Amino acid sequence: MADLTPTPSDVPAVVLDNVSKSFGDHTVLDGVSLTIERGSIAVMLGPSGTGKSVLLRCLVGLLQPDQGRVLVFGEDVAALDEKRAADRKRLFAVRRRFGMLFQDGALFDDMTVFDNVAFPMRLHTDLSEQAIHEKVSDRLARVGVAHAEQKFPSELSGGMRKRVAFARAIAIDPDIVLCDEPSSGLDPVMSATLDELILELHRTLGMTFIIISHDTAEARKVADTIGMLANGKLVTFGPAERVFAENHPALEQFFTRATVGPIKVV
Amino acid sequence: MDKLLRSLHTLGALVMFAGQVARSAFTPPVYLGETLRMMNVLAKRCVIPVSLAVAPVGAVISLQGISIFKLFGAERMLSSFLGTAIFREYSPALASVMVAAQAGSSIAARIGTMKVRGQIDALAVMSVDPVRFVVVPGVLACVIVAPLLSVLTNLLGVFSGWVFAVPIGGVDHGAFMEHLTAQITPADLWIGLGKCSLFGLGVGLIAGYLGLNVGKGAADVGKAANDTVVSTIVLILLVDYAVSMALLGAGL
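Residues numbered from 1 in each chain as written. Chains lettered and ligands numbered in written order. Predicted model: local features only at pLDDT ≥ 70, side-chain atom pairs only at ≥ 80, totals over all residues. Heavy atoms only, no water.

1. So, the overall build of chain A
Summing up its helical and strand segments, chain A has nine helices and ten strands in all. Relative to the 2.2 N^0.38 estimate, which gives 18 Å for 266 residues, the radius of gyration of chain A is 18 Å and therefore close to what a compact globule would have. Long-range contacts, defined as pairs at least 24 residues apart, comprise 65% of the intrachain contacts of chain A with a sequence gap of at least 6. Looking at chain A as shown, the accessible area adds up to about 11500 Å², and 52% of this sits on carbon and sulfur atoms. Taking the 29 positively charged and 36 negatively charged side chains of chain A as two groups, their mean positions are separated by 2 Å. (Helix = DSSP H or I, 4+ residues; strand = E, 2+ residues; numbered from the N terminus. Rg over C-alpha atoms; globule rule 2.2 N^0.38 Å. Contact = heavy atoms within 4.5 Å. Areas by Shrake-Rupley, 256 points an atom, 1.4 Å probe, with all protein chains shown as cover. Lys, Arg positive; Asp, Glu negative; His and termini not counted. Charge placed at Lys NZ, Arg CZ, Asp CG, Glu CD.)

Take a look at the structure:
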């Protein structure tokens, strides 16, 4: 998708500056700062309940952090109030640069698979129905569910729903694709296929991917940037080779599936 | 005291929500296709239950009324009472109550399910205002479909009343029609349709509000649908009473 608000090419895709978020007494993000460059594939690892999904939601303005800045192509999403018309317009402009794969797919139940994937195209592009048809077919073929075009989400398996949701997330060639647990619910072969699709889209269209995952194999395969959240803090973040070489104890525990280490089972 | 404050808070939130819906309904983008789709869904869902609810009422009015009117030798005038009761009161109230039961619960359940399953968030991430896309079409559909159903129930109610008055009760057909057309004025029709639209607006707003503010699980979705039905039916009956009193007071 073409940039709606052109930004200088040296502006990073995402910058989090000292972002914190609590729910009641529970702090899920505690002073998180990081920079994700354009065209990178960043994988955020971490145990359940450490704020990975909250981080994604802060990026698209579904949640407001208690403090800190969330810059998306230089626009501070955290400063935009969706209830104010002027802010909403800017927030929607930022959101149009995202595609998001939700953990449970979040497909619209009363639309067919085809209509689900066509939905963002019909809303945000001037494509003809013929062009939309071709593009939807291409996206569905890429994720291996071309045969299910006319089915409803309730007729699909969990893995198929996830793949359709991924097709919808990349429907209008967004600048940034957010993936919340893309491989959960998928068999290993389909999971690997999805990883290869991410690499191909990254290579051919230059999309930036921010992936929340528990899947260490996926992280090793696709990530050029790795981060690890534990107990609300970003314990390590940087280029994949460096992070793997440093082998932070929390990361080591995660990769070796050890029950003893800095990550506590609550 | 806490309960009173909570109720006032909910009422205030509902008024704010109504303002948001009104702004969204009259400013672009308006999702006309989604509104037409909702109208189609709601009309199909409501037409049979509404018909089944209103038709026996006309029959009962004739059945009970004819014995009373006979005491005064005025059974020829039964249709005056039947027409007024059906057009102004029973048809709008029953059509709206059935819209609340069928359409209100289904709108609240649909929006609540979308919320619980993350589809409302998905809309927001796709830069689609959920109020515009899922609430406004439901509200508009209720406002338009409820009076259309009322037209149908007017006819059905009067017809079933005619069956029990004329062929069964022995009232003269000519006299029945004469008193019916003499008594029913265009104002009766418009008042009935206007009440239906007003009640439809209430059903759509409450269903949308409760659906969007649902809790986190399937049980909460069921509760939102149930609360929609109970609160809108109570509201319809109370407002119906108040509107009827006000109109009679105003000589209408």
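The structure having been displayed, the exposition proceeds.
2. Overview of empty space enclosed by the protein
On inspection of all chains with the given rule, the structure shows one cavity of 30 Å³ or more. Taken as a whole, the largest cavity encloses approximately 130 Å³ of empty space. For the lining of the largest cavity, the secondary-structure elements that each account for two or more residues are strand 6 (98–101), helix 3 (113–124) and helix 5 (158–169) of chain A together with helix 4 (119–125) of chain B. Partitioned by chemical class, the residues of the lining of the largest cavity number nine nonpolar, two polar and three charged. For the lining of the largest cavity, the two domains that each supply at least three residues are domain 1 (39–50 + 98–103 + 183–265) and domain 2 (105–174) of chain A. (1 Å grid on protein atoms, 1.4 Å probe; cavity = no way out; pocket = protein on both sides within 12 Å on 5 of 7 lines; lining within 4 Å. Points joined across faces, edges and corners; volume = space filled by probe spheres on them. Nonpolar A, V, L, I, M, F, W, Y, C, P; charged D, E, K, R; others polar. Domains from an automatic or database assignment.)

3. Some thoughts on helix 1 (residues 2–25) of chain B
Helical geometry: 3.6 residues make up each α-helical turn, so side chains three or four residues apart lie on a common side. Residues and elements named next belong to chain B. Its 24 residues place the ends of helix 1 34 Å apart at the C-alpha level, agreeing with the 34 Å of an ideal helix rising 1.5 Å per residue. Turning to helix 1, its buried residues are F17, V21, S24 and A25. Structurally, helix 1 contributes buried residues whose contacts are with helix 5 (130–165) and helix 7 (186–212). (Expected span 1.5 Å × (residues − 1). Buried < 20%, exposed > 50% of the residue type's maximum accessible area, 1.4 Å probe, protein only.)

4. Details of the interface of chain A and chain B
Opposite the 19 residues of chain A that make contact, chain B presents 18 residues. Buried area between chain A and chain B, both sides added, is near 1600 Å², and the carbon and sulfur share of it is 64%. Viewed at the interface, chain B and chain A are joined by four salt bridges. For D110 of chain A, the salt bridge goes to R37 of chain B, with nearest N and O atoms at 3.1 Å. Counting every contact that joins chain A to chain B gives nine residue pairs in polar contact (both at pLDDT 80 or more). (Buried area = accessible area lost by both parts, 1.4 Å probe. Salt bridge = Lys/Arg side-chain N within 4 Å of Asp/Glu carboxyl O. Polar contact = N/O pair within 3.5 Å; in protein donor to acceptor, adjacent residues only side chain to side chain.)

5. Looking at the sheet that holds strand 1 (residues 14–23) of chain A
All names here are of chain A. The strand order 2-1-4-5 describes an open sheet built from four strands, whose pairing is antiparallel. With partners counted over all chains shown, the strands left at the sheet margins are strand 2 (26–36) and strand 5 (75–76), one partner each. For strand 1 and strand 2, the ladder comprises seven bridges, and the chain directions are antiparallel. In the strand pairing of strand 2, F23 is matched with H26. (Pairing = 2+ DSSP bridges.)

6. Topic: unusual backbone geometry
The amide bond that connects P28 of chain B to the next residue, P29 of chain B, takes the cis arrangement and shows omega of 0°. Within the fold, P29 of chain B resides in the loop between helix 1 and helix 2 (32–71). Look at F73 of chain A: it is not a glycine, yet its phi comes out positive at around 50°. Under the relative-accessibility criterion, F73 of chain A is labelled buried at 7%.

7. Brief notes about the sheet that holds strand 3 (residues 41–45) of chain A
Residue and element names in this part refer to chain A. Here six strands make up an open sheet; going across it, the order is 6-7-8-3-9-10 and the pairing mixed. Each edge of the open sheet carries a strand with a single partner, namely strand 6 and strand 10 (233–239). The sheet shows a mean angle of 15° between the axes of neighbouring strands, taken without regard to direction. Summarising the sheet, strand 6 and strand 7 (residues 176–180) pair through four bridges and their orientation is parallel. Within strand 7, the residue paired with M100 across the bridge is L178. (Axes fitted to C-alpha atoms, helices over the stretch in contact; angles between N-to-C directions.)

8. Overview of the UniProt feature "domain: ABC transporter" (unreviewed entry) in chain A
Mapped onto this numbering, the UniProt entry gives "domain: ABC transporter" (unreviewed entry) at residues 14–256 of chain A. In residues 14–256 of chain A, the share of helix is 40% and the share of strand is 26%. The end C-alpha atoms are 30 Å apart. (UniProt positions renumbered as here; feature names shortened; annotations may be inferred.)

9. With respect to the pattern of salt bridges
This structure, assessed with the given rule, holds 27 salt bridges over all chains. Put simply, R37 of chain B and E34 of chain B hold a salt bridge, and the shortest N to O gap is 2.9 Å. Of this pair, R37 of chain B and E34 of chain B both sit in helix 2, separated by three residues, roughly a single helical turn. D227 of chain B is paired through a salt bridge with K223 of chain B; the nearest N and O atoms lie 2.8 Å apart. A residue pair is termed a helical-turn pair when its members lie 3 or 4 positions apart in one helix, as D227 of chain B and K223 of chain B do in helix 8 (residues 218–249) at four residues. Of the residues examined, D227 of chain B reaches a relative accessible area of 28% and is grouped as partly exposed. One connected set of salt bridges, linked through shared partners, spans K135, D138, R139, R142, D173 and E200 of chain A.

10. Remarks on the packing of aromatic side chains
Within this structure, the stated rule accounts for six aromatic pairs over all chains. A ring pair is formed by F69 of chain B and F81 of chain B, whose centres lie 6.1 Å apart and whose planes are at 35°; its orientation type is tilted. With F69 of chain B in helix 2 and F81 of chain B in helix 3 (residues 78–116), this pair connects stretches of sequence that are twelve residues apart. One aromatic cluster is present, formed by F108 and F119 of chain A together with Y31 and F133 of chain B through successive ring pairs. The positively charged end of R220 of chain A is found above the aromatic ring belonging to F244 of chain A, 4.7 Å away from the centroid. (Phe/Tyr/Trp six-rings, centres within 6.5 Å; stacked < 30°, edge-to-face > 60°. Lys NZ or Arg CZ within 6 Å of the ring centre and 35° of its normal.)

11. Some thoughts on the domain arrangement of chain A
All names here are of chain A. When cut into domains, chain A gives domain 1 (39–50 + 98–103 + 183–265) and domain 2 (105–174). Across the contact, 18 residues belong to domain 1 and 13 residues belong to domain 2. Buried surface at the junction of domain 1 and domain 2, both sides included, amounts to about 1500 Å², of which 71% is carbon and sulfur. When the buried surface of domain 1 facing domain 2 is broken down by residue, L101, L197 and M207 rank first, second and third, together holding 32% of it. Put simply, E200 and R142 hold a salt bridge, and the shortest N to O gap is 3.1 Å. Inspection of the domain 1/domain 2 interface yields four residue pairs in polar contact (both at pLDDT 80 or more).

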